[in-house]
Amino acid sequence: MTGMERLNKFLAHAGIGSRRHVETLIQGGRVAIDGQVIRELGTRVDPGEHKISVDGQPIRPEKLVYWVVNKPRGYLCTNYDPARRGRAIDLVPQVAQRVYTVGRLDEASEGLLLLTNDGDLANRLTHPRFGVEKTYLVLVAGDPTPDDLKLLLKGVWLSEGHVKAKRIKREKREKGNTWLRIVLNEGKNREIRRMLAKLEHKVLRLRRITLGPLVLATLPTGKARRLTHAEVEELRRTAFAESERAEP
């Protein structure tokens with residue numbers, strides 16, 4: 001007996017997607033329990049007793065796995081690439097579960113990626129409304145002025161709306177360029193590159209070094225490791241604490 005739990009939580013933990021996504025599936029009549037279509041979001045199930053299916057396909061509990069990868073430049077954050085380029089998922093050895101990246105780094109960026117099949121946790125770590133912090137080391141062309149950095153903290157307008165950094169620190173100069181440490185608590189597509197482009201500073205390198213409490217540390221480029229139990233618990237505490245603060 002596994003015990004009773006909410007249907008959306010079970011489906012998210014089975015790797016179907018975030019709770020928001022599985023709620024859409026439930027409301028769309030695509031989920032059935034013992035052959036009966038269920039549309040009530042508050043439905044509770046016992047995975048040890050009930051037969052649960054999505055689009056007619058049986059769903060069984062899947063072991064949740066968590067990997068951190070130090071993505072090199074040139075690798076993609078996708079599970080399918082018809083051009084057969086290198087993918088971050090290729091750096092994770094012998095994973096039986098279907099994992100996916102939590103948040104994306106573009107092909108030219110590098111650093112910390114979390115790969116998991118825990119859709120519920122992934123949603124809370126990446127959705128802007130939950131505000132989980134991510135830290136980046138960014139090498140920019142030239143020498144941004146103090147006014148430039150203040151503007152990034154105040155915010156600039158992109159096509160999706162107003163975006164801003166939460167914190168910025170100038171790290172060091174390197175051959176006429178500047179390393180910045182930038183902390184975001186949202187994650188729009190290529191956000192840092194586009195913000196700096198507004199100030200006419202090209203990003204030469206971009207490396208993510210933290211995701212919430214998870215730190216890249218000394219993991220070599222191109223390598224992966226499993227998260228420890230303590231790291232997973234700390235990630236969950238952070239993600240769910242932020243989600244509670246985000247509730248109206």
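Our subject is the structure listed above.
Here goes a summary of the coordinates provided. These figures come from a predicted structure and were not determined experimentally. (Residues numbered from 1 in each chain as written. Predicted model: local features only at pLDDT ≥ 70, side-chain atom pairs only at ≥ 80, totals over all residues. Heavy atoms only, no water.)

### Things to note about the overall build of the protein chain
Put simply, the rule reads: Helix numbering and strand numbering both begin at the N terminus, where a helix is a DSSP run of H or I of at least 4 residues and a strand a DSSP run of E of at least 2. Residue exposure (1.4 Å probe, protein chains only): buried if accessible area is under 20% of the type maximum, exposed if over 50%, otherwise partly exposed. Any two residues whose heavy atoms approach within 4.5 Å at even a single point are treated as in contact. Computed with the Shrake-Rupley method and a 1.4 Å probe, the accessible areas treat only the protein chains shown as cover for residues.
Looking only at helices and strands, the protein chain features six helices and 17 strands. Seen through its C-alpha atoms, the protein chain measures out along the principal axes to roughly 65 × 40 × 35 Å. Residue burial in the protein chain is summarised as follows: out of 248 residues, 47% are buried. The contacts in the protein chain between residues at least 6 apart in sequence include a share of 66% that link residues at least 24 apart. Surface summary for the protein chain: the accessible area is close to 13,100 Å², and the carbon and sulfur share equals 48%.

### Considering the sheet that holds strand 3 (residues 36-37)
Filter applied, for reference: In this scheme, strands are said to pair when DSSP sees at least two bridges between them.
The four strands lie next to each other as 3-2-5-6, forming an open sheet whose pairing is antiparallel. Either end of the sheet is taken by a strand with one partner, and the two such strands are strand 3 and strand 6 (57-58). With two bridges joining them, strand 5 (residues 52-54) and strand 6 adopt antiparallel strand pairing. Bridging from a neighbouring strand, valine 54 pairs with glutamine 57 of strand 6.

### Overview of unusual backbone geometry
Positioned with a positive phi, aspartate 34 is a non-glycine residue whose angle comes to about 50°. Positionally, aspartate 34 belongs in the loop between strand 2 (31-33) and strand 3. With relative accessibility at 46%, the residue aspartate 34 sits in the partly exposed group. Positive phi is not limited to glycine here, since lysine 175 has a value of about 50°. Its location among the elements puts lysine 175 in the loop between strand 13 (167-174) and strand 14 (177-184).

### Some remarks on the nonpolar core
Basically, it comes down to this: In this text, buried Ala, Val, Leu, Ile, Met, Phe, Trp, Tyr and Cys residues form a nonpolar core when linked through side-chain atoms within 4.5 Å.
Core analysis: the biggest nonpolar cluster contains 30 residues, and Val138, Ile182, Ile192 and Leu196 have the highest contact counts within it. At the level of elements, strand 7 (66-71), strand 9 (110-116), strand 10 (134-140), helix 4 (146-154), strand 11 (156-158), strand 14, helix 5 (191-198) and strand 15 (203-211) are the ones that each hand at least two residues to this core. With residues near it in sequence (within four places) discarded, leucine 196 still touches Val138, Val140, Leu152, Ile182, His201 and Val203. Core analysis: the second largest hydrophobic core is formed by 18 residues, Tyr66, Tyr100, Leu211 and Val232 among them.

### Concerning the pattern of salt bridges
How we decide: By definition here, a salt bridge exists when the distance from a side-chain nitrogen of Lys or Arg to a carboxyl oxygen of Asp or Glu is within 4 Å.
This structure, assessed with the given rule, holds 17 salt bridges. Among the salt bridges present, the one from glutamate 107 reaches arginine 85, with a minimum N-O distance of 3.7 Å. In this pair, glutamate 107 is assigned in the loop between strand 8 (100-102) and strand 9 and arginine 85 in the loop between strand 7 and strand 8, connecting sequence segments 22 residues apart. Assessed through its relative accessible area of 35%, glutamate 107 is described here as partly exposed. With a shortest N-O distance of 3.2 Å, arginine 190 and aspartate 106 are connected by a salt bridge. Highlighted residues: arginine 190 in the loop between strand 14 and helix 5 and aspartate 106 in the loop between strand 8 and strand 9, separated in sequence by 84 residues. The exposure class of aspartate 106 is buried, given its relative accessible area of 18%.

### What to know about the environment of arginine 84
Note on placement: arginine 84 falls in the loop between strand 7 and strand 8. Taking the C-alpha atoms as reference points, arginine 84 and leucine 113, 29 residues apart in sequence, are found 20 Å from one another.

### Describing the pairing of strand 9
In terms of residue burial, strand 9 counts as a mostly covered element, since seven of its seven residues are buried. As defined by bridge partners, strand 8 adjoins strand 9 across three bridges and the pair is classed as antiparallel. Looking across to strand 9, one finds that valine 102 is bridged to leucine 114.

### Overview of helix 4
Heads up, the condition is: What the arc measures is the spread of directions leading from the helix axis to the C-beta atoms.
Asp148, Leu149 and Leu152 are the residues of helix 4 that are buried. The buried side chains of helix 4 occupy one side of the element, clustering within an arc of 95° when seen end-on. Away from its buried face, by an angle of more than 90 degrees, helix 4 presents the exposed residues Pro146, Asp147, Lys150 and Lys154. Of the surrounding elements, those touching the buried residues of helix 4 are strand 13, strand 14 and helix 5. Once helix 4 ends, the next one or two residues include glycine 155, with phi positive near 115°.

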